[in-house]
Every structure is written in structure tokens, then in C-alpha cells.
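# Coordinate inspection notes
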Amino acid sequence: MLNAMIVEDNAIYRYAIKSIIRWEDYGFQIVSEALNGVHALDLLQHQHVDLIVTDISMPEMNGIDLIQQVKQQDASIKIVALSSFDDFRFVKEALKLGAEDYLLKHDLEPDTLQQLLQQMNVKILQDHEQRKQANIREANLQEMRCILGRKLLLGELKTAQEIEDQASAVRFPKASGPTVVMIIDGLFNPIAPIPSSEMPNEQITVTIPISNQRTVMVTAFPHEKSERKCSEEAFRQVSAMVNRFKEEGSLTVGISLLGYGLKDWPTLYKQAERALEQSIYEGLGQIYTYAAKNAQGAEPERDSLSIQKLAAAMRSGFVADAEAQTELFFQSLNQGKPPLAELKRLFVELTGLITTIARERGTLSEKVELACRQINHMIETLPSLPLIKQKILALNKEVVSSPVENPMLRKEIQAAIAYIEQHYAEDITVAQLADVLHLSSNYLSNLFKMETGMRFVEYVNRCRIRKAKLLLRDVSLKVYEVAEKTGFQETSYFCKVFKELEGKTVKEYRSDC
């Protein structure tokens, strides 16, 4: 049912127009009545109507002024003018302003009004259908602009001609001035649709959703010559946006350098990604800008990022060793700040090794497998290293158990480890231990490495350093005394091994205790 309004200052004529026919039979319901143009405009603030039947001669605001103002506010509303013979000169003005037709009040007959309402019903429904189709077309164009925007950001269009053709096809904005890309990580609801290229502006902002967690805003300044002003304005806008959305949750933003035109979007997007990756090491909820001079970060030493030491510590069966190596591993990540792609590779490799070690030690469980899957899921976005470290430390306790009590190890190795735990302060050699176990030296050495993942000497040193850490808490003991009590013949060698395994000097360790 369509909504209609009658605007007439004469109550008799209002009643006649309402009651001369059943409006409902022609698809209309009269939802409001107004005494003049001012009254009608006030009612329109609170009530949508499809058709207005208005007198021309009224106090305060006549029908001509009303038609003009209604059409300015909503051109889709159909208007029919009511006139007398003596004000017919105003009918032409009403029709010029957008009125659909007119009725003479003195000749108002049911057939005339019926015919008029039927015509208005057809026109209004046709307009509704046209607007519906136009909205569908615009929605489709919006979706195509979003798809094109993602292609541009990801560098999927290779030639300038290809970019030009596809941008023209969907009327994508093609501003060629200084352009900046901002990646927003967090739950952010884009406000404005992508503008058409037919909508010139001093500043053009394109909002492109990438995923539920990531949105890209590209702002171009077609008429601004100062790159500094462009960068400052982009930072100001994104700061205001982050503050505006604080109550809904924190947003983390990466901002690129400036480029020019659609061809530079892929480069700017990569820059914004690298800027955003700083949050992995410096925290979420902040704004990061790309800096070309240090974008690559410090090149980490490959040995420091090796997960083999951590894996070996977990295989040793000593939780303290595994925890110490976990701390060292994450220290090296924070120092080297490898890019996200490298982090993904490292953690995929690490979780794979943890699963393998757990299987070897007989500690693989649904809990361990779930934790590994969670870690791999976390690194797909912007991971929080402290949270991942907590999960790795928890996995240490789940996976690592004393090798002496581990039934997955051969009895000979369990016996060897038990002997090392008792005689670590002595000068233990493979040959001496082989004699005790009635095995050959070569056989014991190979078997020990295969079962524990460590060479015999490496395992003994780890055991001795673990004991030494307890003794170092007693500040009355000299360093050389601790070395002697834990089986090291030379203090310098003890200090060297300690630094290699703990990542800090003996002095630094004591100062932290």
C-alpha cells in the first residue's frame, strides 16, 4: 500500500477528497493531512509519503512553494495540484516545478480521481522498480570496484592498459596525485562506499575490505603539491579514526610512503604491510609508518634463530633447559625482528618439531596437537609474540618429561642418563660410561645421539650448566668454585659454555637472580 498526504486548508474540500472514493481500492492509504505547506513539511519529517495532493492557494506557504521544497528534498514524491479556475495560471508553474498533474476542485468527480490515482500508482511503482534496479546496479558496481581495488593492491594487474581498461569499466576513481595506503587491522566498519570516477573531489578516499580483520584505506590528494602535507593529513585522519573507534576495540594501522596513481598501489600496500608488522614486536593498538631505511630490519644471525637448539633442549627431557632455550629463541626474534613470512616459516617448523618430539617421547596428546594448531592459526594474522611464548612454555611442560622415566628411551640410554645425573661433577667420558654399561664407545655414542638428539658432550654440559645455575644463586661461591663443583676443569670453558647455552654471561645471570 502506498502512502498519500492531502494538503488543503479548507476542511470541506479535505473531507470531499478523502471520501469521494475508497483510496485503498487504488493502492493508496491516506496517512496524514496538512492545513498548509508549512504543516506539510513538518509532517514529512516524520512520515514517508509517495503521493501528495495539495491545494495551490493556502496561507503561510502556498502549494507552489511546497512543491518546490518537496522536490528539492525528495524528487521521487509524486505531487498533484488542486486548483480553482481563477488560479489556473499557477498550475503551469506547478507543472514546471515537477507536479505530475492537476485537478480542478469544482469539477472533482469520482471517475476523475480514480483515473488519476490509477495513473499515479503505475508511475510510483515504475519509479520504485527503476530505483531498485539502479540500486542493484550500483551495488554490483561497488562489489566490482572492491574486487578491482583488491586486485590493484595485490598487484594482479600487470600492465597500465589493463589497469586503465578495468578502472574505466567500473568507473573506478583514478586520481593521479600523491597517494597513501593505510592498512587497518581490527574490527573496523568501513563508512563510505568507493566513489565513482565521476565524483571529483579535493581528496579521494577509497575503502576496501580485505577480510573481517583487515581493511585498506587509500587516500589520494589530486590537487596537493606538498608531499609533507599529504603525509601529515593522512596521519591526522587515521589518528582521528583510531580514537573514534577506541570504544569498539583497538585498531592497529600501518601507513605507506607516498606514491602516484593506481600503478603504485601494490608497492604502497607492501610498504603498509611492513609498517603494520612492527606491531608484532612493539604492540598492537598503535599507528606505524613505513621507513625505507630500516624496513628490512636487522638481519638476524641464522644460528640465533635456529630452532634446533630449542628442539634439542626439549629432547633432553629437562623442562628448565627447554624453558631457557625458549627464552633465548624469543629474545633472538625480538632482536632480529624477522618479517611475518619468516615468522610463519619458523613457527610452522617449530610446531612440527614439537609434535615429532612429543610423539617420540610418548607425550603426544589432543591438548598438544590443539596448542600447535592454535599457534599456527595465530601467526596467520599479526601474532602476539608474548602469547605465543606462553603457549610454547606450556607445551614444554606437556611434552618434556625426565628421560630417566621416559619409557620411549632405550634402557641403555636411561641408565646412561641416570649415571650422568649422579656423576656430572666428575670427569665423565664416553669410554668410561661405555665400560660401566658394558657397551662399545662408538655404539654408545651413536645410540645416545639417536635417542636424545644430542651428542654425549652436549648433554653432559647441559646437565652441568643446569646444576651450576642453582649454585650460582649462592653469591658466596666464587665462579671458579662453581665450575669445579659441576665438573668443569677450566673456568674459562665453563663461562664459554654457560654463555652459549643461556644466552648471557655468568655475571649477567647472577645480576638477574
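Cut-offs applied
Residues numbered from 1 in each chain as written. Predicted model: local features only at pLDDT ≥ 70, side-chain atom pairs only at ≥ 80, totals over all residues. Heavy atoms only, no water. Helix = DSSP H or I, 4+ residues; strand = E, 2+ residues; numbered from the N terminus. Buried < 20%, exposed > 50% of the residue type's maximum accessible area, 1.4 Å probe, protein only. Contact = heavy atoms within 4.5 Å. 1 Å grid on protein atoms, 1.4 Å probe; cavity = no way out; pocket = protein on both sides within 12 Å on 5 of 7 lines; lining within 4 Å. Points joined across faces, edges and corners; volume = space filled by probe spheres on them. Right-handed = clockwise from strand over helix to strand, strands pointing away. Pairing = 2+ DSSP bridges. Axes fitted to C-alpha atoms, helices over the stretch in contact; angles between N-to-C directions. Phe/Tyr/Trp six-rings, centres within 6.5 Å; stacked < 30°, edge-to-face > 60°.

### Topic: the environment of Val 38
Along the chain, the position of Val 38 falls in helix 2 (residues 37-44). Accessibility expressed as a relative area gives 39% for Val 38, which makes it partly exposed. Taking the C-alpha atoms as reference, Val 38 lies 6.8 Å from Glu 60; in sequence the two are 22 residues apart. Filtering out sequence-adjacent residues up to four positions away, Val 38 remains in contact with Glu 60 and Met 61.

### Examining empty space enclosed by the protein
Counted under the stated rule, the structure contains two cavities of 30 Å³ or more. The calculated volume of the largest cavity comes to roughly 70 Å³. Around the largest cavity sit Pro 173, Ala 175, Thr 179, Ile 204, Val 206, Val 218, Thr 219, Ala 220, Leu 262 and Trp 265, which together line it. Those elements giving two or more residues to the lining of the largest cavity turn out to be strand 7 (204-209) and strand 8 (214-220). Sorting elements by how many residues they give to the lining of the largest cavity places strand 8 first, with three residues.

### Some thoughts on the pairing of strand 4 (residues 78-83)
Of all six residues in strand 4, six are buried, a share of seventy percent or more. Crossover strand 3 (residues 51-55) to strand 4 through helix 3 (residues 63-73) is right-handed. Pairing geometry for strand 4 and strand 5 (residues 101-104), over four bridges, is parallel. Bridge pairing links Ala 81 to Tyr 102 in strand 5.

### Description of the sheet that holds strand 10 (residues 287-289)
In spatial order, the strands read 7-8-6-9-10; together these five strands make up an open sheet with mixed pairing. A single partner strand is all that each edge strand has here, and the edge strands are strand 7 and strand 10. Going across the sheet, the axis of each strand differs from the next one's by a mean of 20 degrees, ignoring polarity. As paired strands, strand 6 (residues 178-185) and strand 9 (residues 252-260) are joined by seven bridges and run antiparallel to one another. Paired with Ile 183 across the bridge in strand 9 is Gly 254. In the packing of helix 5 (residues 110-154) onto the sheet, the strands contacted are strand 6, strand 7 and strand 8, and the crossing angle to strand 7 comes to about 90 degrees. On top of the sheet, helix 7 (residues 227-244) reaches strand 6, strand 8, strand 9 and strand 10; it is set at about 155 degrees to strand 9, its chief contact.

### Observations concerning the sheet that holds strand 4
Read across the open sheet, the five strands follow the order 2-1-3-4-5; overall the sheet is parallel. Taken across any chain shown, the strands that pair with only one partner, and hence form the sheet edges, are strand 2 (28-34) and strand 5. Sheet twist, expressed as the mean angle between neighbouring strand axes with direction ignored, is 25 degrees. In the packing of helix 3 onto the sheet, contacts are made with strand 1 (2-7), strand 3 and strand 4, and the angle to strand 3 comes to roughly 155 degrees.

### A word on unusual backbone geometry
Within the chain, Glu 60 stands out as a residue other than glycine whose phi angle is a positive 70 degrees. For Lys 337, which is not glycine, the phi torsion reads 50 degrees and is therefore positive. Among the residues examined, Lys 337 registers a relative accessible area of 35% and is labelled partly exposed.

### Observations concerning the packing of aromatic side chains
Here a ring pair, both rings aromatic, is described through the centre-centre distance and the interplanar angle of the planes. Tallied over the entire structure, the rule returns 11 aromatic pairs. Ring plane angle 90 degrees and centroid distance 6.1 Å describe the contact between Phe 329 and Phe 347, whose orientation is recorded as edge-to-face. Taken together, the residues span a long stretch of sequence, with Phe 329 in helix 11 (residues 319-336) and Phe 347 in helix 12 (residues 340-361) at a distance of 18 residues. Judged on exposure class, the residue Phe 329 and its partner Phe 347 are both buried.

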